[in-house]
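# Structure assessment
Single-letter residue listing:
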Amino acid sequence: MSCPDKFVEYMHDFLDEDIAPENERELRAHLQTCQACETHFKELKKAVAFVQSTAHVKAPDHFTAGVMAALPKERKKVEVNRWFK
Ligand SMILES: [Zn+2]
């Protein structure tokens, strides 16, 4: 059995948040009746979620800057504490 290719396109459009409302309705209706496409869609969503979580972890700009900014401060604090002891 095979499904119209358009449903796979709809899935990608949906995940890109670039799907026409009528196409989304058609896709959702199809997913409810088609196990194969539902599975495929879940896999796609998982892949997208993985990429997004990786991107999130990889978004180090603030994180690294924060760590770098925190490090010297910590060191200064320790020095100051020693000074006052
Ligand atoms: Zn299908």
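Residues numbered from 1 in each chain as written. Predicted model: local features only at pLDDT ≥ 70, side-chain atom pairs only at ≥ 80, totals over all residues. Heavy atoms only, no water.

### Quick look at the confidence of the model for the chain
What counts is decided by this rule: Scored from 0 to 100, pLDDT reflects the predictor's confidence in each residue. Where helices and strands are cited, they refer to DSSP runs of H or I of at least four residues and of E of at least two residues respectively, numbered from the N terminus.
In the predicted model, the chain carries a mean pLDDT of 82, and the fraction of residues at 70 or more is 65%. Averaged pLDDT values for the elements of the chain fall to 64 in helix H4 (residues 60-84) and rise to 97 in helix H2 (residues 21-33).

### Section: the pattern of salt bridges
Where we set the bar: Here, a salt bridge means any Lys or Arg side-chain nitrogen found within 4 Å of an Asp or Glu carboxyl oxygen. The rule is simple: take the accessible area with a 1.4 Å probe, protein chains only, and divide by the maximum for that residue type; under 20% is buried, over 50% is exposed, in between is partly exposed.
One pass over the structure, following the stated rule, counts 4 salt bridges. In this structure, glutamate 24 engages arginine 28 in a salt bridge whose closest nitrogen and oxygen atoms are separated by 2.7 Å. Of this pair, glutamate 24 and arginine 28 are both found in helix H2, 4 residues apart, which corresponds to roughly one turn of the helix. Given the relative accessible area of 47%, arginine 28 is considered partly exposed.

### Describing the environment of lysine 45
As for its placement among the helices and strands, lysine 45 is situated in helix H3 (residues 35-58). Along the backbone, lysine 45 and leucine 15 are 30 residues apart, and their C-alpha atoms lie at a distance of 7.3 Å.

### Description of the coordination of the zinc ion
How we decide: Because water is not among the atoms used, a metal site may look incomplete, as its donors are only the N, O and S atoms within 2.8 Å, or 3.2 Å for Na, K and Ca. Think of it this way: with four donors and all angles in the 85 to 135 degree range, the site is tetrahedral; with four or six donors, opposite ones beyond 155 degrees and the rest between 65 and 115, it is square planar or octahedral; otherwise it is irregular.
With distances of 2.0 to 2.2 Å, the protein atoms coordinating the zinc ion are Cys3 (SG), His30 (NE2), Cys34 (SG) and Cys37 (SG). Considering all 4 donor atoms around the zinc ion, angles at the metal cover 103 to 116° and the coordination shape is tetrahedral.

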